[in-house]
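Results of the structural survey
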Amino acid sequence: ARTADGLLAEEDFRRLGAPVQLATDDGSRGHPGTVVDPLEAALADGGRALIYACGPAPMLRAVQALAARRLVPAWLSLEERMACGVGACLGCPVPVPDASEPTPAGPGSTVWPTPARMAELYRPVAPGAPAAHRYKLVCVDGPVFPAWGVILHAAAPAAGSGAGAGRDAGAGRGAGAGAGRGAGAGSGSAAGAGAGAGSAAGV
């Protein structure tokens, strides 16, 4: 959040027993800076983690970049203006890699993904990656994208531009991010994670 007054749902997360970390741009409450800073600190030990994040596009780009750098699976809930909400107007397209969106460990696998596998998944969405992509709609294909399945550094076409759509996107208010092994952070909202459950959220 920009200030302490903008923090949301802190007590809701505490009642769920989730560890909560706060961040405010002006330092009036919790960490002085963005939500990404405490999230990065939570990932510093290199243990197994999942990230769930919602919030404005600049924050999600930073979370995606962090997840790609740390080779951590992440899911992002996107914010987008929606004129119709049913996919008719094509007003909320988001670019996605022009390929299938496999599970982190590979199709049909329940094995935790290796760092090499995560590096492979994140490669198509990295800045400077080949531009082959298609479009999905936030309103009907979401609300959540895997972080390796959405291109956030590319500009989406203008509303009504006729971009095609597929499946998988997201919408959210406030901002929050959490790592799913007992650490979380919030900006615009409180956020947290249940130990081992990976249930971090931003509201």
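An account of the accompanying structure is given in this report. (Residues numbered from 1 in each chain as written. Predicted model: local features only at pLDDT ≥ 70, side-chain atom pairs only at ≥ 80, totals over all residues. Heavy atoms only, no water.)

1. A closer look at the overall build of the protein
For the record, the criterion: In this description a helix means any DSSP run of H or I spanning at least four residues, a strand means any run of E spanning at least two, and both kinds are numbered starting from the N terminus. Each residue's exposure class comes from its accessible area (1.4 Å probe, protein chains only) as a fraction of the maximum for that residue type: buried when under 20%, exposed when over 50%, partly exposed otherwise. Note on definitions: a residue-residue contact is assigned when non-hydrogen atoms from the two residues lie within 4.5 Å. Each accessible area is a Shrake-Rupley estimate made with a 1.4 Å probe; only the visible protein chains count as cover when residues are assessed.
In terms of regular secondary structure, the protein is built from four helices and 12 strands. The proportion of buried residues among the 203 residues of the protein is 44%. The long-range fraction of contacts in the protein, counting pairs at least 24 apart against all pairs at least 6 apart in sequence, stands at 66%. Summing over all exposed atoms, the protein offers an accessible surface of approximately 9400 Å²; the carbon and sulfur share of this is 56%.

2. Observations concerning the pairing of strand 4 (residues 51–54)
In plain terms, the rule: One bridge is not enough; two strands pair if DSSP finds at least two bridges between them. Throughout, right-handed denotes a crossover for which the path from the first strand over the helix to the second runs clockwise when the strands point away from the viewer.
Looking at chain direction, strand 4 and strand 5 (residues 74–77) are connected through four bridges and run parallel. Within the sheet, the bridge partner assigned to Y52 lies in strand 5 and is W75. Considered for its hand, the β-α-β crossover made up of strand 4, helix 3 (residues 57–70) and strand 5 is right-handed.

3. A closer look at the pattern of salt bridges
Basically, it comes down to this: Just to be clear on terms, a salt bridge is a Lys or Arg side-chain nitrogen sitting within 4 Å of an Asp or Glu carboxyl oxygen.
Across all of its chains, the model carries six salt bridges by this definition. The salt bridge partner of R29 is E10, with a shortest N-O separation of 2.9 Å. Placement of R29 in the loop between strand 2 (23–24) and strand 3 (31–32) and of E10 in helix 1 (residues 10–15) is noted, with a sequence separation of 19 residues between them. According to the relative accessible area criterion, E10 is buried, its value standing at 11%. Its salt-bridge partner being E40, residue R70 comes within 4.0 Å of it at the nearest N-O pair. Separated by 30 residues along the polypeptide, R70 in helix 3 and E40 in helix 2 (residues 36–42) bring together distant segments of the chain. Here the residues in one salt-bridge network are E10, R14 and R29, joined through shared partners.

4. Here's the deal with the environment of L71
When you line up the elements, L71 lands in the loop between helix 3 and strand 5. Looking at L71, the relative accessible area reads 29%, which means it is partly exposed. Along the chain, L71 and Y122 lie 51 residues apart, while their C-alpha atoms are 8.0 Å from each other. Not counting the four nearest positions on each side in its chain, L71 is found in contact with P115, M118 and A119.

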